[in-house]
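Chain by chain, the residues run as shown.
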Amino acid sequence: MGIYKAEAVVLRSRVYGEADRILSLFTKEWGKIVAIAKGVRKPTSRLRGAVQLFSHTHLVLYRGKSLDTVTQGEASEDFAFLQDDLAHLTAASYCAELVERLTLENQPIPRLFRLLLTALRTLRWGDPALVARVFEMQLLAILGYRPRLEDCVVCGRKGRIMVSDNREGHPSWFSIERGGVVCPACAPVTEGVRAVSPAALEAMAYFLRTPLDRAVRVKLARGCSVEIASLLRSFLAYHSEVKPRTWEFFDDLHNAT
Ligand SMILES: [Zn+2]
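Everything quoted here is computed from the prediction, not taken from an experiment.

**Q** Mind laying out helix H2 (residues 110–122), listing which residues take part and the relevant values?
**A** Across its 13 residues, H2 extends 18 Å between first and last C-alpha, which sits within 8% of the 18 Å expected from 1.5 Å per residue. All buried positions along H2 are accounted for by Leu-112, Phe-113, Leu-115, Leu-116, Leu-117, Ala-119, Leu-120 and Thr-122.

**Q** Tell me what's going on with the side chain of Ser-55, and back it up with residues and numbers.
**A** Following the sequence through the fold, Ser-55 ends up in the loop between strand E3 (31–37) and strand E4 (56–62). Setting aside residues up to four positions removed in sequence, Ser-55 forms contacts with Ala-8, Val-9, Val-10, Gly-49, Ala-50, Ala-75, Glu-77, Asp-78 and Phe-79.

**Q** Which residues make up unusual backbone geometry, and what are the values?
**A** One non-glycine residue, Phe-79, lies in the positive phi region at around 50°. Residue position: Phe-79 is located in the loop between strand E5 (68–77) and helix H1 (86–102). Phe-79 gets classed as buried once you look at its relative accessible area, which sits at 1%. One non-glycine residue, Asn-106, lies in the positive phi region at around 60°.

**Q** Could you give me a rundown of the sheet that holds strand E7 (residues 180–182), with the residues and numbers involved?
**A** Strand order in the open sheet formed by three strands is E7-E6-E8, with antiparallel pairing between adjacent strands. Both outer strands of the open sheet, E7 and strand E8 (193–196), are each paired with one neighbouring strand and no more. Pairwise comparison of adjacent strand axes, ignoring direction, gives a mean angle of 45° for this sheet. Pairing of strand E6 (residues 172–175) with E8, which is carried by four bridges, proceeds in the antiparallel orientation.

**Q** Describe the pattern of salt bridges, listing the residues and the values that go with them.
**A** A complete count under the given rule lists six salt bridges for this structure. Here Glu-100 makes a salt bridge to Arg-12, at a shortest N to O gap of 2.9 Å. Remark: Arg-12 occurs in strand E1 (residues 3–16) and Glu-100 occurs in helix H1; sequence separation between them is 88 residues. Using a relative accessible area of 11% as the deciding quantity, one classes Glu-100 as buried. On the basis of relative accessibility, which here comes to 29%, the residue Arg-12 falls in the partly exposed class.

**Q** Can you lay out the coordination of the zinc ion for me, pointing to particular residues and giving the numbers?
**A** Donor atoms from the polypeptide that coordinate the zinc ion comprise Cys-152 (SG), Cys-155 (SG), Cys-183 (SG) and Cys-186 (SG), at 2.3 Å from the metal. The site at the zinc ion holds four donor atoms, and with the angles between them running 102 to 114°, its shape is tetrahedral. Mapping the donors of the zinc ion onto the primary sequence yields the spacing C-x2-C-x27-C-x2-C. For the residue pair Cys-183 and Cys-186, the accessibility class agrees, reading buried in each case.

**Q** An account of the environment of Val-181 is needed here, citing residue identities and associated values.
**A** Note on placement: Val-181 falls in strand E7. Since its relative accessible area comes to 1%, Val-181 is described here as buried. When the C-alpha atoms of Val-181 and Cys-152 are compared, they prove to be 5.4 Å apart, with 29 residues separating the residues in sequence.

**Q** Describe the packing of H2 against helix H3 (residues 128–142), naming the residues involved and giving the relevant values.
**A** For the pair H2 and H3, the least separation of the axes is 11 Å and the interaxial angle reads 175°. In terms of their interaxial angle, H2 and H3 are classed as roughly antiparallel. Residues Arg-111, Leu-112, Leu-115, Leu-116, Ala-119 and Thr-122 of H2 lie in contact with H3, whose contacting residues are Val-131, Phe-135, Gln-138, Leu-139 and Ile-142. Looking at the contact of H2 with H3 residue by residue, the class counts come to eight nonpolar, two polar and one charged.

**Q** Can you explain the side chain of Glu-100? Please cite residues and give values.
**A** Polar side-chain contacts of Glu-100 include one of 2.9 Å to the side chain of Arg-12. There is a polar contact of 2.9 Å between the side chain of Glu-100 and the side chain of Ser-24. Among all residues touching Glu-100, those that are not within four sequence positions of it are Leu-11, Arg-12, Ser-24 and Lys-32.

Each value, and the rule that gives it
- Residues numbered from 1 in each chain as written.
- Predicted model: local features only at pLDDT ≥ 70, side-chain atom pairs only at ≥ 80, totals over all residues.
- Heavy atoms only, no water.
- Helix = DSSP H or I, 4+ residues; strand = E, 2+ residues; numbered from the N terminus.
- Expected span 1.5 Å × (residues − 1).
- Buried < 20%, exposed > 50% of the residue type's maximum accessible area, 1.4 Å probe, protein only.
- Contact = heavy atoms within 4.5 Å.
- Pairing = 2+ DSSP bridges.
- Axes fitted to C-alpha atoms, helices over the stretch in contact; angles between N-to-C directions.
- Salt bridge = Lys/Arg side-chain N within 4 Å of Asp/Glu carboxyl O.
- Donors = N, O, S within 2.8 Å, 3.2 Å for Na, K, Ca; no water.
- Tetrahedral: all angles 85-135°; square planar, octahedral: opposite > 155°, others 65-115°.
- Parallel < 35°, antiparallel > 145°, perpendicular 65-115°, else oblique.
- Nonpolar A, V, L, I, M, F, W, Y, C, P; charged D, E, K, R; others polar.
- Polar contact = N/O pair within 3.5 Å; in protein donor to acceptor, adjacent residues only side chain to side chain.

Below, the structure is given as structure tokens:
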């Protein structure tokens, strides 16, 4: 009790009172934590550099009744470059928002902590939309919502449904509700299936089995990227009941380009 250490990423930072900030932190050791950084908006604060938005930081905290307090900190990576570009900032905000909204306080998920750090680092050079797509897929898998792409979610027919369908010229089918692909035999008798291109399914399967910093090197047609974004948006909204605020920023960005 009392004092403890945490390796953290700052997911969200809100102004509080005269000079304080309330931080949402995702920590390796404790999962999500909400903590206050007192006096951090004063120019003389020694904590200031340690708790910038998205910083990868090593903190010392004091456990309080309702809110923990950051007492010391040192950032090891600041990710300040994210502030220079709206598309990068939006992708980082989106990843952080998903983590904040889909995890519980004091529930450590070290794999997700590593994935978030990899996503932030990859934004230094990777396409922001692709980073967001691969992050979504891998986050779903880590949290137990992995979409089933290898066998029919209705009849269990095994095999590479999307590849064989592609060869035969049929569309592939996906059920948001059942959480995966549906074979051509089951599709006509299954409610709520939507057509999905074999290329999008192939890309999604690739995103699930490939480390994020490698997966984002894939060349993906813009139409395919948009298709996956739309599918995953429905999937997230249905299975986790989350409708991230950042989606509106993504839409604005797409409409502006
Ligand atoms: Zn089937």
